[in-house]
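Survey of secondary and tertiary structure
One-letter residues, chain by chain:
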Amino acid sequence: MTELPGFIAVETGDDNDLPLAIAWALADGRIKHTLIQPDDTWLDDELNELNGYSLEELHNFGASPLDVIRELENDHFNATLYTAGIYSDEAALARLFDTYGIDPFIELAPADSLYPELASGDWSRARSALFGEMGLEPLRPEHEVEVMLRLHEQLGKV
């Protein structure tokens, strides 16, 4: 079986670097996904916009930021991961790592860089079309990763 690229997506709150949920692909195409328990230092006095999640839901069903980092390290240490939202994902991941004073051990790259043969904008248009065809939501990280994997397959890279 061909090893697939590592795709990653982070769902954030309105401030664009508050990590709420994360998903990434494994080399065999499986997807890991979890909500993230917000660290107390991440929350303002006024409640942050949590994209429809409640604090209780994030605390009860989410993984601690340190557990997310450890799991990501187990799966992708010193790897380049590909994302559709490089700036917001970088900011959210920086917040995860900075909370513990850990140097990031992954590098992010734009997912469309895997396809230099495509004209500018073709990957984004194909991605948008695939979201519609699959009936998935672009803001959900597990959906984002699933679409990037499927698009990789459709572009004949598997």
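These figures come from a predicted structure and were not determined experimentally.

1. So, the nonpolar core
- By size, the foremost hydrophobic cluster in this structure holds 26 residues, and its most contacted members are Ile8, Ile22, Leu72, Leu93 and Ile106.
- Elements supplying a minimum of two residues to this core: strand S1 (6-12), strand S2 (19-25), helix H2 (65-76), helix H3 (86-99) and strand S5 (106-110).
- Considering each element in turn, this core owes the most residues, five residues, to H3.
- Those residues in contact with Ile106 that sit more than four places away from it in its chain are Ile8, Leu72, His76, Ala79, Leu81 and Leu93.

2. Regarding the layout of surface pockets
- There is about 250 Å³ of room inside the largest pocket.
- In terms of lining residues, the largest pocket is bounded by 19 residues, among which Val10, Ser88, Asp89, Pro138 and Leu139 are the most central.
- Where the lining of the largest pocket is concerned, the elements lending two or more residues are S1, H3 and helix H5 (141-154).
- With five residues, S1 is the largest single contributor of residues to the lining of the largest pocket.

3. So, the packing of H2 against H3
- Axis separation between H2 and H3 bottoms out at 9 Å; the angle between their running directions is 105°. Classified by the angle their axes make, H2 and H3 are roughly perpendicular. Counted together, Pro65, Val68, Ile69 and Leu72 of H2 and Leu93, Leu96 and Phe97 of H3 form the full contact between these two elements.
- Its residues placed into classes, the contact of H2 with H3 shows seven nonpolar, no polar and no charged.

4. Here we look at the packing of aromatic side chains
- This model, assessed by the stated rule, comprises three aromatic pairs.
- Through a chain of ring-to-ring contacts, three or more aromatic side chains come together here, namely Phe77, Phe97 and Phe105.

5. Examining the sheet that holds strand S3 (residues 31-35)
- Strand order in the open sheet formed by five strands is S3-S2-S1-S4-S5, and the pairing between neighbours is mixed. Each end of this open sheet is capped by a strand with a single partner; those strands are S3 and S5. On average, each strand axis in the sheet is inclined to that of its neighbour by 30°, with strand direction left out of account.
- Relative to S5, strand S4 (residues 79-83) runs parallel, the two sharing five bridges. Residue pairing across strands places Thr83 opposite Pro110, the latter belonging to S5.
- H3 contacts S1, S2, S4 and S5 of the sheet and is inclined by roughly 80° relative to S1.

6. Section: the side chain of Arg127
- Positionally, Arg127 belongs in helix H4 (residues 122-134).
- Dropping the residues within four chain positions of it, Arg127 is found in contact with Ala84, Pro138, Glu144, Val147 and Leu151.

7. Re the environment of Gly29
- Following the sequence through the fold, Gly29 ends up in the loop between S2 and S3.
- Each residue touching Gly29, except ones within four places of it in the same chain, is listed here: Leu4 and Leu149.

8. Some remarks on unusual backbone geometry
- Phi at Asn51 takes a positive value of approximately 50°, unusual for a residue other than glycine.
- Mapped onto the elements of the fold, Asn51 is located in the loop between S3 and helix H1 (55-61).
- In this structure, Asn78 takes a positive phi of about 55° despite not being glycine.
- Among the secondary structure elements, Asn78 is positioned in the loop between H2 and S4.
- Judged by relative accessible area, Asn78 falls into the exposed class, the value being 58%.

Conventions and cut-offs
- Residues numbered from 1 in each chain as written.
- Predicted model: local features only at pLDDT ≥ 70, side-chain atom pairs only at ≥ 80, totals over all residues.
- Heavy atoms only, no water.
- Core = buried A, V, L, I, M, F, W, Y, C linked by side-chain atoms within 4.5 Å.
- Buried < 20%, exposed > 50% of the residue type's maximum accessible area, 1.4 Å probe, protein only.
- Helix = DSSP H or I, 4+ residues; strand = E, 2+ residues; numbered from the N terminus.
- Contact = heavy atoms within 4.5 Å.
- 1 Å grid on protein atoms, 1.4 Å probe; cavity = no way out; pocket = protein on both sides within 12 Å on 5 of 7 lines; lining within 4 Å.
- Points joined across faces, edges and corners; volume = space filled by probe spheres on them.
- Axes fitted to C-alpha atoms, helices over the stretch in contact; angles between N-to-C directions.
- Parallel < 35°, antiparallel > 145°, perpendicular 65-115°, else oblique.
- Nonpolar A, V, L, I, M, F, W, Y, C, P; charged D, E, K, R; others polar.
- Phe/Tyr/Trp six-rings, centres within 6.5 Å; stacked < 30°, edge-to-face > 60°.
- Pairing = 2+ DSSP bridges.

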